[in-house]
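The primary structure of each chain is shown beneath.
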Amino acid sequence: MSHVLDLIIKNAKIATASDVFMADIGIKGEQIVMIGSHLPEANKTIDAAGRVVTPGGVDAHCHLDQPMPAPIKMADNFETGTRSAACGGTTTVIPFAAQEKGQSLRDAVKEYHRRSDGRAHVDYTFHLIVSDPTPTVLNEELPALIAEGYTSFKIYMTYDDLKLNDGQILDVLSVAKQHGAMAMIHAENADCIEWLTRRLEAAGQTAPRFHGHSRPMLVEREATHRAIALSELVDVPILIVHVSGREAVEQIRWARSHGLQIFAETCPQYLFLTAADLGIDNSYLGAKCICSPPPRDQKNQEVIWNALSDGLFSVFSSDHAPFNYESPEGKKPGGQEVAFRHIPNGIPGLETRLPLLYSEGVLGGRISLTKFVELTSTNPAKAYGLHPLKGTIAPGSHADLVIWDEKPITIQNSALHHAVDYTPYEGIELKAWPAMTLSRGEIVWDGQNFHPRLGKGQFLSCGKPTLMTTGR
Ligand code: DUC
Ligand code: ZN
Ligand code: ZN
């Protein structure tokens, strides 16, 4: 006999960004339709007694199958990336459709659809990367794409093939203001990095650990300050991505205290890695942890933890940028151990993002359960126009859910589901991992096994951002 509901998750300790409460969740098709007790019967019941249930994670900053200059190639495509996401409790991913200089933005979006359509296990949308803001891009393509639901874009202040100068940033921010889009900013001073890199190279200091020396905190602090000033000049909110430590946090705190709408994101690498992970002496192993901005030190980790709990950060993302270590397409370009300048920047982290923060943040007593949901799901959904379809547990929302298993588990790359040959978090002992992930009402991870939904992950057209700062 067919019932009103397809699935009930019974006895759930439901956590949203605002409340934690006991209830049953009724699911019909892809949606949550009821929350309460004594729900009508369902075709299937899952008993979540004793377990926390959170909304599926929204990873609002990851890189999948993003075209790179030869010979570099990302290890994860949409198939492996969304598989890995699902097994770590993430049910929506937002990677980047990157415009190459000289390319039309529209073509970049088409190309990225070609790479993703029919290949995702969980839902996804795109941010745009604007690297060539020509008059056509600014006046025609960008406004049209925003109207079509591509409502966020990333601006780089560094990387030769992506960076914009201040005038170009002002132009792009003006489009964000006029059309209500969210601008994300990678804040590092490109000229300082180049100058420091040349000096290090002249001194023969090219081992992976010198990557950190080429991008000290000052370089991020200056660019963060400048990004804030540019946002103030245009009078438009911005979101500063992958903030790594105290000096950048101080700039954002100052801006907030002056009433500026500056949002900020941080990532697991700034809580769980330090400069020591970039290696000692000339060891090449540190290439595994090369990312930008680089991991700092324990004092900076503390600052990031505090800023997560006190509301300075709105969003916690992975910045998953997957490159194999033992690969001529990855951390050893052309099969060689190269100078740090030539090592692709980025580390994998889609699958470990939620378990790391749940274990050390929530169960470690550093952040509340509601804050965890806000940072990892609700706020990213709001920042990029996906809420309340994504990012919460409510009637009408997609049945994207995580049931948590609070048990000891050690991170091992061999147990992860990405296509990368290492994890920077190998050996870290956690206190929890998802016992189950549901995507649109379907089990995609059962705590042991991945249940493929290839092609069922759908592209999401985004609305306008609905996030507000708290003034901290
Ligand atoms: N830094 C970025 O800005 N993007 C990808 C990876 C990285 O380290
Ligand atoms: Zn970046
Ligand atoms: Zn990134």
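Q: What is the right way to look at the sheet that holds strand S6 (residues 57-59) in this model?
A: Picture the strands of a sheet paired through backbone hydrogen bonds; they go either parallel or antiparallel. The 3 strands lie next to each other as S6-S7-S9, forming an open sheet whose pairing is parallel. Edge strands, defined here as strands with exactly one partner in the open sheet, are S6 and strand S9 (123-124). As paired strands, strand S7 (residues 90-93) and S9 are joined by 2 bridges and run parallel to one another. Residue Thr 92 lies in a different strand from S9, and its bridge partner there is Asp 123. Where helix H11 (residues 353-362) meets the sheet, its contacts fall on S6 and S7, and the angle it forms with S6 comes to roughly 120°.

Q: Teacher, can you tell me more about the coordination of the zinc ion (ligand 3) here?
A: Geometrically, a metal with four donors at the corners of a regular tetrahedron has ideal angles of 109.5 degrees, and one with six donors at the corners of a regular octahedron has ideal angles of 90 or 180 degrees. Taken together, His 61 (NE2), His 63 (NE2) and Asp 319 (OD) make up the protein donors of the zinc ion (ligand 3), found 2.0 to 2.1 Å from the metal. One way to put it: the 4 donor atoms around the zinc ion (ligand 3) meet at angles of 83 to 163°, and that makes the site irregular. Sequence positions of the donors to the zinc ion (ligand 3) reduce to the motif H-x1-H-x255-D. A spacing of 3.7 Å is found between the zinc ion (ligand 3) and the zinc ion (ligand 2). Accessibility expressed as a relative area gives 6% for His 63, which makes it buried.

Q: What am I meant to see in the site of ligand 1 here?
A: Taken together, His 63, Lys 154, Tyr 156, Tyr 159, His 186, His 242, Cys 291, Ser 292, Asp 319, Ala 321, Asn 345 and Gly 346 make up the full set of residues near ligand 1. Residue His 186 places a side-chain N or O atom 2.8 Å away from an oxygen atom belonging to ligand 1. Contact distances for ligand 1 include 3.3 Å between an oxygen atom and a side-chain N or O atom of His 242. For ligand 1, whose unbound accessible area comes to 240 Å², protein coverage reaches 95%.

Q: Is there a simple way to think about the coordination of the zinc ion (ligand 2) in this case?
A: The coordination sphere of the zinc ion (ligand 2) contains the protein donors Lys 154 (NZ), His 186 (ND1) and His 242 (NE2), at a distance range of 2.1 to 2.2 Å. Considering all 4 donor atoms around the zinc ion (ligand 2), angles at the metal cover 84 to 129° and the coordination shape is irregular. In the primary sequence, the donor residues of the zinc ion (ligand 2) line up as K-x31-H-x55-H.

Q: Would you mind showing me how to read the domain arrangement of the protein chain here?
A: How big an interface is tends to be stated in terms of the accessible area lost upon association of its parts. Here the domain parsing of the protein chain yields domain 1 (5-55 + 388-410 + 432-445) and domain 2 (57-383). Spacing between the C-alpha centres of domain 1 and domain 2 amounts to 30 Å. Counting residues at the interface gives 25 residues for domain 1, matched by 26 residues for domain 2. Of the roughly 2000 Å² buried between domain 1 and domain 2 on both sides combined, carbon and sulfur atoms contribute 67%. When residues of domain 1 are sorted by the area they lose upon contact with domain 2, Ala 17, Trp 404 and Trp 433 head the list and together hold 26% of the total. Linking domain 1 with domain 2 are 2 salt bridges. Lys 390 serves as the salt-bridge partner of Asp 123, at 2.6 Å between the closest nitrogen and oxygen. Our enumeration of links across domain 1 and domain 2 arrives at 9 residue pairs in polar contact (both at pLDDT 80 or more).

Criteria and cut-off values
- Residues numbered from 1 in each chain as written.
- Chains lettered and ligands numbered in written order.
- Predicted model: local features only at pLDDT ≥ 70, side-chain atom pairs only at ≥ 80, totals over all residues.
- Heavy atoms only, no water.
- Pairing = 2+ DSSP bridges.
- Helix = DSSP H or I, 4+ residues; strand = E, 2+ residues; numbered from the N terminus.
- Contact = heavy atoms within 4.5 Å.
- Axes fitted to C-alpha atoms, helices over the stretch in contact; angles between N-to-C directions.
- Donors = N, O, S within 2.8 Å, 3.2 Å for Na, K, Ca; no water.
- Tetrahedral: all angles 85-135°; square planar, octahedral: opposite > 155°, others 65-115°.
- Buried < 20%, exposed > 50% of the residue type's maximum accessible area, 1.4 Å probe, protein only.
- Near = heavy atom within 4 Å.
- Polar contact = N/O pair within 3.5 Å; in protein donor to acceptor, adjacent residues only side chain to side chain.
- Areas by Shrake-Rupley, 256 points an atom, 1.4 Å probe, with all protein chains shown as cover.
- Domains from an automatic or database assignment.
- Buried area = accessible area lost by both parts, 1.4 Å probe.
- Salt bridge = Lys/Arg side-chain N within 4 Å of Asp/Glu carboxyl O.

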